[in-house]
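Breakdown of the fold
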Amino acid sequence: MRRRDFVASLCSAVVAWPLVARAQQPARPLQGRSPNSTLYVGWYELHPDVSLNFQLNRWAATGGPDWIADVRPELPSLRDYDSWRNTFIRLGETAAAQGRILHAALHFRSAEFFMLASDPRKEPLRKRLIALFGEAAGVSPGTRHEVTFDNLRLPAWAFSASQAHGTLVVFGGFDSYIEEFFPILLSFRDKGWNVVAFEGPGQGAVLEEQGAALTREWHRPVTAVLDAFNLRDVTLVGISLGGCLAIRAAAFEPRVRGVVAFDVLSDFFECMMAVHPGPASSIVRALLATGADGLIDLTLPRLARHNPVLEWGIAQACHVFGRERPAGAFRAAQTLHTRDVSERVRQHVLLLAGAQDHCVPLSQLWDQIRLLSNARSITARIFTSQEQAQAHCQVGNLPLAIGSISDWARKITTS
């Protein structure tokens, strides 16, 4: 490695915030942007469950104060997944009837997010909200392409900037749709980047419409996308679990100049265990270690009946990994790490982390830095609550994260 550039804003002491519906700071839009790329700054404490509170903030990042105004009166009724799904469907229908396209899309996405694949409402609602996201962002159908990969068709969107600095190739992770990232993609474009964003196996339409399970060989779909668009010297930007996938892809794709883990994620199985600490995590670890997969499949569903987030996480993992049983999904998750490939990464690397990320332990930042023994350069950035960016993927201050990525990517294009 020729140099390591550690730019870390160290986290301060955790501040205890009362569990009431308020923001640490009033949400405000990023100034100087067109409506279709507006992103809001502000972290809200809306729900006592940390995972559900994160989901609400996830949609508030693009919905802003008006979306929060819809949700605020409904907070006392959000007691379980049934009430959550029914409430947000109702809010979505109201917003749609009022012509508030983006808010309708966000409400529908919030409802659909916690629908199991077996729910007959999921697929019609998914198709509806995807169309609404595109309409709200002003994204024309002509920006959507299909990339042939194995026997699959990978949807990809291309956005061009005038006098571009270069090209960012963006993808999500475990539970996102690229369409919900349109404001992020357009913000990158507005900062002077050509953007190609795609969904691979286990993601979005490739999962829901073609039934393709997630692959750890992420360099293969990345290679297909680079070939299809005739790209080289690109910067990969992997969002959430994409932070792991981006490192895995860069290890085998020489046309990648830079790689951004947005956020860092060096071990997906450990993240799953961190989100569900306590008896469930301990049981899973012990039974996997002894090869008692049958006991996992018998015991875990019983525990999940009393933990809706765990129940959803197990079902989503089985869906994404194409496994029928929880043990199989956990075995697949154990393969999603960067330990076996990080030493092959020779590009510039940017690692982002939230000081209070409920999904990814902050220790994974230091693990990833240590593993990148041959990277050309490493820049690490920890975002704090003072910046409203302490959460997973900097939900609460996406403009700050986008600006950090853009500034770093411009720097490496001249190195």
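Residues numbered from 1 in each chain as written. Predicted model: local features only at pLDDT ≥ 70, side-chain atom pairs only at ≥ 80, totals over all residues. Heavy atoms only, no water.

Some points on the overall build of the protein chain
From N to C terminus, the protein chain includes 15 helices and 12 strands. Compactness check: the protein chain gives a C-alpha radius of gyration of 20 Å against a globular reference of 22 Å for 415 residues, within 12% of the reference. On the principal axes, the C-alpha backbone points of the protein chain span a range of 55 × 55 × 50 Å. Buried residues in the protein chain amount to 60% of all 415 residues. For the protein chain, long-range pairs separated by at least 24 residues make up 70% of all intrachain contacts whose partners lie at least 6 apart in sequence. Summing over all exposed atoms, the protein chain offers an accessible surface of approximately 16,400 Å²; the carbon and sulfur share of this is 52%. Charge centroids of the protein chain, computed over 42 positive and 39 negative side chains, lie 5 Å from each other. (Helix = DSSP H or I, 4+ residues; strand = E, 2+ residues; numbered from the N terminus. Rg over C-alpha atoms; globule rule 2.2 N^0.38 Å. Buried < 20%, exposed > 50% of the residue type's maximum accessible area, 1.4 Å probe, protein only. Contact = heavy atoms within 4.5 Å. Areas by Shrake-Rupley, 256 points an atom, 1.4 Å probe, with all protein chains shown as cover. Lys, Arg positive; Asp, Glu negative; His and termini not counted. Charge placed at Lys NZ, Arg CZ, Asp CG, Glu CD.)

What to know about the pairing of strand β8 (residues 194-198)
Regular strands place side chains that alternate from one sheet face to the opposite one. Of all five residues making up β8, four are buried, and the element is well covered by its neighbours. Of the pairings in the sheet, the one linking strand β6 (residues 152-159) to β8 comprises four bridges and is antiparallel in character. Its bridge partner being in β8, Trp157 is matched across the sheet by Ala197. With four bridges connecting them, strand β7 (residues 167-171) and β8 associate as parallel partners. The residue bridging Val170 from the neighbouring strand is Ala197, located in β8. Note that the unit made of β7, helix α5 (residues 182-190) and β8 has a crossover that is right-handed. (Pairing = 2+ DSSP bridges. Right-handed = clockwise from strand over helix to strand, strands pointing away.)

Digging into the pattern of salt bridges
With the rule as written, the count across this model stands at 26 salt bridges. Between Arg331 and Asp293 there is a salt bridge; the shortest N-O distance is 2.8 Å. Separated by 38 residues along the polypeptide, Arg331 in helix α13 (residues 326-333) and Asp293 in helix α11 (residues 293-304) bring together distant segments of the chain. The class for Arg331 is partly exposed, based on a relative accessible area of 29%. Bridged by salt links that share partners, the residues Arg58, Arg109, Glu112, Lys122, Asp175 and Glu180 form one connected network. (Salt bridge = Lys/Arg side-chain N within 4 Å of Asp/Glu carboxyl O.)

Observations concerning empty space enclosed by the protein
This model, assessed by the stated rule, comprises three cavities of 30 Å³ or more. Estimated volume of the largest cavity: approximately 760 Å³. The wall of the largest cavity is formed by 48 residues, among which Arg58, Asp175, Ser240, Cys359 and His392 lie closest to the centre. Elements supplying a minimum of two residues to the lining of the largest cavity: α1 (50-71), α3 (101-113), α5, α9 (268-275), α10 (279-289) and α12 (308-321). The biggest single contributor to the lining of the largest cavity is α1, with seven residues. Tallied by class, residues from the lining of the largest cavity come to 34 nonpolar, 11 polar and three charged. By volume, the second largest cavity is sized at about 110 Å³. Forming the walls of the second largest cavity are 16 residues, and the residues nearest its centre are Arg109, Asp175, Tyr177, Glu208 and Gln316. (1 Å grid on protein atoms, 1.4 Å probe; cavity = no way out; pocket = protein on both sides within 12 Å on 5 of 7 lines; lining within 4 Å. Points joined across faces, edges and corners; volume = space filled by probe spheres on them. Nonpolar A, V, L, I, M, F, W, Y, C, P; charged D, E, K, R; others polar.)

Quick notes on the pairing of strand β9 (residues 234-239)
With respect to burial, β9 is a largely interior element, six of its six residues being buried. Here β9 shows no split at all, with Val234, Leu236 and Gly238 on one side and Thr235, Val237 and Ile239 on the other all buried. Note that β7 and β9 share four bridges and pair parallel. Bridge pairing in β9 places Val169 opposite Leu236. Pairing analysis gives six bridges linking β9 to strand β10 (residues 256-262), with the strands arranged parallel.

Some points on the nonpolar core
Counting residues in hydrophobic clusters, the biggest one holds 107 residues, and the most contacted among them are Leu236 and Phe321. For this core, the leading source of residues is α12, giving eight residues. Not counting the four nearest positions on each side in its chain, Phe321 is found in contact with Phe174, Ala213, Leu214, Phe268, Ala329, Ala332, Ala333 and Leu336. The next biggest cluster of nonpolar side chains, apart from the first, holds 34 residues, and it includes Val139, Val237, Val260 and Leu350. (Core = buried A, V, L, I, M, F, W, Y, C linked by side-chain atoms within 4.5 Å.)

A few points about helix α7 (residues 219-229)
Taken residue by residue, α7 has His219, Pro221, Val222, Ala224, Val225 and Leu226 as its buried positions. Elements in contact with the buried residues of α7: β5 (144-149), β6, β7, β8, β9 and α8 (242-250). Count one or two residues on from α7 and you reach Asn230, which has phi positive near 55 degrees.

Description of the packing of aromatic side chains
This structure, assessed with the given rule, holds 18 aromatic pairs. Summarising the aromatic geometry, the rings of Trp59 and Phe113 are spaced 6.3 Å apart at their centres and angled 70 degrees between planes, so their arrangement reads as edge-to-face. Of the two residues, Trp59 sits in helix α1 while Phe113 sits in helix α3, which places them 54 residues apart along the sequence. Across the pair, Phe113 and Trp59 agree in class, each one buried. Directly above the aromatic system of Phe383 lies the positively charged group of Arg381, at a separation of 4.2 Å from the ring centroid. (Phe/Tyr/Trp six-rings, centres within 6.5 Å; stacked < 30°, edge-to-face > 60°. Lys NZ or Arg CZ within 6 Å of the ring centre and 35° of its normal.)

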